[in-house]
Amino acid sequence: MALPSTYADRNCSLARALEIVGERWTLLIVRDAFFGIRRFGDFASQLGIPRAVLTNRLKFLVQEDVLERVGGEYRLTAKGLTLWPVLRAMMAWGDEHYSPGGARRTFRHDADGGRLDTENRCSACGEVVSVPDVRIEPGPGFEPGNANPDPVSALLNTPRRLLEPL
């Protein structure tokens, strides 16, 4: 849950941000929302998260305007979309330090196929690419899990645009 608000320096924006997204499952939920997961059951099965924890985290992210609930689906809000550079930087850090086979996922400009750097700049056209125009695909360090994946996992392992619903 949220960090206690008794940290020594109440003027620390990092501490406040961690109160919102620093809980163990939160950034994984947000990551999966970028990857196109929208339904409660799909979040639960992809993450292996206890349903009570997922319910609590989704409710909190909606309360904090990171996600919105539309019908039975959860979607990133404008505020939630601004977390993309944070997630992208953390993925790059994880690839660099914990993926000896290379990046687990590659990000490309959907319009021209150019690889994106960590700031979402396209190597082909030089444009900074907005999130809906980013294509994600398995990278050289990608390791597929289950030999017989469920339909959602199978879709997550194929090239597709971010935010495209599964």
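Bear in mind the structure is a predicted one, so any value in this text is a computation, not a measurement.

Novice: Go over the pairing of strand E3 (residues 105-109) with me, naming the residues and quoting the values.
Specialist: Counting buried positions over the 5 residues of E3 gives 4, a clear majority of the element. Relative to strand E4 (residues 134-138), E3 is paired through 5 bridges, and the arrangement is antiparallel. What sits directly across from Arg-105, in E4, is Pro-138.

Novice: Residues and numbers for the environment of Pro-151, please.
Specialist: You can see Pro-151 is positioned in helix H7 (residues 151-156). Sequence separation of Pro-151 and Leu-54 is 97 residues, and the distance between their C-alpha atoms is 21 Å.

Novice: Report on the nonpolar core, specifying residues and quantitative values.
Specialist: Grouped together as the largest cluster of nonpolar side chains are 37 residues, with contacts concentrated most on Ile-29, Val-30, Phe-34, Phe-43, Leu-67 and Trp-84. Residue assignment for this core shows that the elements contributing at least two residues are helix H1 (13-21), helix H2 (26-34), helix H3 (40-47), helix H4 (51-63), strand E2 (73-76), helix H6 (84-98), E4 and H7. In this structure, Trp-84 is in contact with Phe-34, Met-91, Phe-107, Asn-120, Val-131 and Leu-162, ignoring residues within four places of it in sequence.

Novice: How would you summarise the packing of H2 against H6 if you had to cite specific residues and measurements?
Specialist: H6 packs onto H2 with a crossing angle of 105° between their chain directions and a minimal axis gap of 11 Å. The pairing of H2 with H6 is recorded here as roughly perpendicular in orientation. Only Trp-84, Leu-87 and Met-90 of H6 make contact with H2, whose side of the interface consists of Leu-27, Val-30, Arg-31 and Phe-34. Along the lines of polarity and charge, the residues of the contact of H2 with H6 split into 6 nonpolar, no polar and 1 charged.

Novice: An account of the packing of aromatic side chains is requested, with residue identities and associated values reported.
Specialist: Within the structure shown, the criterion is met by 3 aromatic pairs. A ring pair is formed by Phe-34 and Trp-84, whose centres lie 5.0 Å apart and whose planes are at 50°; its orientation type is tilted. Of this pair, Phe-34 sits in helix H2 while Trp-84 is found in helix H6, placing the two residues 50 residues apart along the sequence. For Phe-34, a relative accessible area of 0% puts it in the buried group. A relative accessible area of 3% means that Trp-84 is categorised as buried. Ring centres of Trp-84 and Phe-107 lie 5.5 Å apart, and the angle between their planes is 70°; on these two criteria the pair is classed as edge-to-face. In this pair, Trp-84 is assigned in helix H6 and Phe-107 in strand E3, connecting sequence segments 23 residues apart. Each member of the pair, Trp-84 as well as Phe-107, carries the same accessibility label: buried. Taken together, Phe-34, Trp-84 and Phe-107 form an aromatic cluster joined through their ring pairs.

Novice: Provide a residue-level description of the pattern of salt bridges, including the pertinent values.
Specialist: Evaluated as defined, the whole model comprises 14 salt bridges. One salt bridge in this structure joins Asp-110 and Arg-161, with 3.4 Å as the shortest N-O distance. Here Asp-110 is found in the loop between E3 and E4, whereas its partner Arg-161 is found in strand E5 (residues 160-161), with 51 residues between them in sequence. Accessibility expressed as a relative area gives 30% for Arg-161, which makes it partly exposed. The closest approach of N and O atoms between Arg-160 and Glu-164, which form a salt bridge, is 3.7 Å. Given a relative accessible area of 7%, Arg-160 falls into the buried group.

Calculation rules
Residues numbered from 1 in each chain as written. Predicted model: local features only at pLDDT ≥ 70, side-chain atom pairs only at ≥ 80, totals over all residues. Heavy atoms only, no water. Buried < 20%, exposed > 50% of the residue type's maximum accessible area, 1.4 Å probe, protein only. Helix = DSSP H or I, 4+ residues; strand = E, 2+ residues; numbered from the N terminus. Pairing = 2+ DSSP bridges. Core = buried A, V, L, I, M, F, W, Y, C linked by side-chain atoms within 4.5 Å. Contact = heavy atoms within 4.5 Å. Axes fitted to C-alpha atoms, helices over the stretch in contact; angles between N-to-C directions. Parallel < 35°, antiparallel > 145°, perpendicular 65-115°, else oblique. Nonpolar A, V, L, I, M, F, W, Y, C, P; charged D, E, K, R; others polar. Phe/Tyr/Trp six-rings, centres within 6.5 Å; stacked < 30°, edge-to-face > 60°. Salt bridge = Lys/Arg side-chain N within 4 Å of Asp/Glu carboxyl O.

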